[in-house]
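# Working through the structure, step by step
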Amino acid sequence: MRNFRQKYFGDAAFYKMVFVIAIPIMIQNGITNFVNMLDNIMIGQIGTESMTGVSIVNQILFVYNLCLFGAVSGAGIFTAQYYGQKNTDGIRHTVRFKLYAVTIITILTVLLCIFSGQSLINIYLTGEGSAASIQMTMTSGREYMLFMLAGLPFFMITQVYGSTLRECGQTILPMKAGVAAICINLVFNYLLIYGKFGFPTLGVKGAAIATVLSRVIEAAIIVVSVHRDREKNPYIIGLYRSFAIPRDVIRRIAIKGTPLLLNETLWSAGMATLAGCYSLRGLHVVAALNISNTISNLFHISFIAMGDAVAIIVGQILGTGNMKKAKETDTKIIVFSVLLCTLVAAFMFFIAPVFPEFYKTTEDVKQLAVKLIMISALFVPQHALLNTSYFTLRAGGKTMIAFFFDSVFIWCISVVLAFTLAKCTPLSILWIYFLVQLADGVKAIIGVILVKKGVWLHNIVE
């Protein structure tokens, strides 16, 4: 019994170490998603079409967000291990690599949205709905998208600096910057969406402007703070004197990072395609999924933060070369994550009926959203296991395995299953959604096997 506890559970010092990393990430993500929920509710007060248009654009920009995440994460695997080695030059090279990667992705995204944005939005408007509703949804989505593009350069800088700070164990500053940005976003949402205190009534355009403003503030706080504290962030010294990166570093990051970038891109595109498959059942499904996803994301911060904890803590230990400690630490974090998320799931399930009542939409959309939230809650522990397994493989540089584990599965199994069920069967959207989530159980089993075998136990910066 004692050996069991020692293998799967840590002591007080262990959980303190985990919480020091995870809690600031949970707070930042929690407040972000809470404000996103309020933002969503505010837009929902304008009407279902406005809410649906904004949710479609956010689904498209979600692909961009995860492309950035994949780009910075590929280099971030090296950042964490370089930090474990106290290799300042190595960290500096990874930051430069991130800057190159996110700039290219952002330029391509802006061009795509400007010239093909309407076609992208139209993908989600193929289900049932009146011509007037479809046109209103398209107009709202297009207006929102064009304004949101102005915030992308600031968002990309935040991702580069914020990810580097977290990989070096500094999670407080990104949290503070995120909280400040969220407050700005919330205040200006209220002022600009509804035209309060003399501000113009801008609707969805006001929501986009508020988001852009918050991203400018967030980027400014992080960049200024990092450059001021050079003692704590020595890699920032001379960062912009040269943009040169040693070829060997580029080659190694590219080899490990490209599968990760492709994975995040294809996975996020897969998630957007899944939403498109669900939308075949009508615009009311798009609206209900928007409500469900907004609420679910608020609770998903638990397993997201634990995945980040795995990437940071285990990555740093791997950098020191202590494989035994890395494996023991990883096992304990995974067990803790699943137990924590089981409690979160129970709470989420029982309060699911509360949230949709805040939306100004039809009763059938509200009821469908409640049931989708409940289904999502059932699978939170499974997501916890999936997420920690995925970040474990990533921490050890097994990005090609992670690619097959994540992206290949969603396109070959999840998307095919969702499209087939939505197009060729009379099953309700609830059963389709449930079965697609259930299919991820196969991935969870594969993840546990790979983690247990220790295929990820590698120091990639030796």
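Quick note: structure is the one above.
We now turn to the structure provided with this report. (Residues numbered from 1 in each chain as written. Predicted model: local features only at pLDDT ≥ 70, side-chain atom pairs only at ≥ 80, totals over all residues. Heavy atoms only, no water.)

This brings us to the environment of Val18. With respect to the helices and strands, Val18 occurs in helix α2 (residues 12-44). Considering only alpha carbons, one finds Val18 and Leu427, 409 residues apart in sequence, at a separation of 43 Å. With near-sequence residues (within four places) excluded, Val18 lies in contact with Met306, Ile313 and Ile333. (Helix = DSSP H or I, 4+ residues; strand = E, 2+ residues; numbered from the N terminus. Contact = heavy atoms within 4.5 Å.)

What describes a pair of aromatic rings is the distance from one ring centre to the other and the angle between the planes of the rings. Within this structure, the stated rule accounts for 16 aromatic pairs. Between Phe14 and Tyr15, the aromatic rings sit 5.2 Å apart at their centres with planes inclined by 80°, giving edge-to-face as the arrangement. With relative accessibility at 9%, the residue Phe14 sits in the buried group. Taking relative accessible area as the criterion, Tyr15 reaches 18% and is therefore assigned buried. When the centroid spacing of 5.5 Å and the interplanar angle of 85° are considered together, the rings of Phe19 and Phe336 count as edge-to-face. Here the residue Phe19 occupies a position in helix α2, and Phe336 occupies one in helix α12 (residues 323-350), the gap between them amounting to 317 residues. (Phe/Tyr/Trp six-rings, centres within 6.5 Å; stacked < 30°, edge-to-face > 60°. Buried < 20%, exposed > 50% of the residue type's maximum accessible area, 1.4 Å probe, protein only.)

Taken as a whole, the largest pocket holds about 440 Å³ of empty space. Taken together, 24 residues form the lining of the largest pocket, with Ile60, Val63, Leu120, Ala269 and Ala272 sitting closest to its centre. Mapped by element, the contributors of at least two residues to the lining of the largest pocket are α3 (48-85), α4 (88-122) and α9 (247-279). If one sorts the elements of the lining of the largest pocket by residue count, α9 sits on top with eight residues. Residues of the lining of the largest pocket, tallied by class, amount to 18 nonpolar, six polar and no charged. When its volume is computed, the second largest pocket comes out at roughly 370 Å³. Sorting the residues of the lining of the second largest pocket by element identifies α1 (2-8), α12, α14 (380-395) and α16 (429-453) as the ones contributing at least two each. Among the elements that make up the lining of the second largest pocket, the one with the highest residue count is α12 (five residues). (1 Å grid on protein atoms, 1.4 Å probe; cavity = no way out; pocket = protein on both sides within 12 Å on 5 of 7 lines; lining within 4 Å. Points joined across faces, edges and corners; volume = space filled by probe spheres on them. Nonpolar A, V, L, I, M, F, W, Y, C, P; charged D, E, K, R; others polar.)

Moving on: the pattern of salt bridges. Close approach of charged atoms lets side chains of opposite charge pair. Per the counting criterion, the structure on display carries six salt bridges. When the shortest N-O distance is used, the salt bridge between Asp248 and Arg251 registers 2.8 Å. Of this pair, Asp248 and Arg251 both sit in helix α9, three residues apart, which is roughly one turn of that helix. On the basis of relative accessible area, Asp248 is assigned to the partly exposed category, the value being 39%. Under the relative-accessibility criterion, Arg251 is labelled partly exposed at 46%. Two residues, Lys366 and Glu357, come together in a salt bridge whose shortest N-O distance is 3.8 Å. According to the relative accessible area criterion, Glu357 is partly exposed, its value standing at 44%. (Salt bridge = Lys/Arg side-chain N within 4 Å of Asp/Glu carboxyl O.)

Now for helix α5 (residues 131-148). When the terminal C-alpha atoms of α5 are compared, their 26 Å separation across 18 residues agrees well with the 26 Å that a helix rising 1.5 Å per residue should span. Inspection of α5 places Ser133, Thr137, Met138, Ser140, Gly141, Arg142, Tyr144, Met145 and Met148 among the buried residues, and these make up the whole buried set. Here the buried face of α5 lies against α3, α4, α6 (152-167), α8 (204-228) and α10 (283-299). (Expected span 1.5 Å × (residues − 1).)

What follows covers the environment of Ile236. Turning to its location among the elements, Ile236 is positioned in the loop between α8 and α9. Assessed through its relative accessible area of 3%, Ile236 is described here as buried. Taking the C-alpha atoms as reference, Ile236 lies 24 Å from Ser214; in sequence the two are 22 residues apart. In this structure, Ile236 is in contact with Tyr161, Val226, His227 and Arg230, ignoring residues within four places of it in sequence.

Turning our attention to the nonpolar core. In terms of nonpolar packing, the biggest core is built from 91 residues, with Ile121, Tyr144, Val226 and Tyr235 touching the most fellow members. If one sorts the elements of this core by residue count, α3 sits on top with 15 residues. Not counting the four nearest positions on each side in its chain, Tyr144 is found in contact with Val54, Val57, Asn58, Val204, Ala207, Ala208 and Thr211. Leu274, Tyr278, Ile295 and Ala352 belong to the second largest nonpolar core, which has 41 residues in total. (Core = buried A, V, L, I, M, F, W, Y, C linked by side-chain atoms within 4.5 Å.)

Geometric descriptors of this kind do not, in isolation, establish any biological role.
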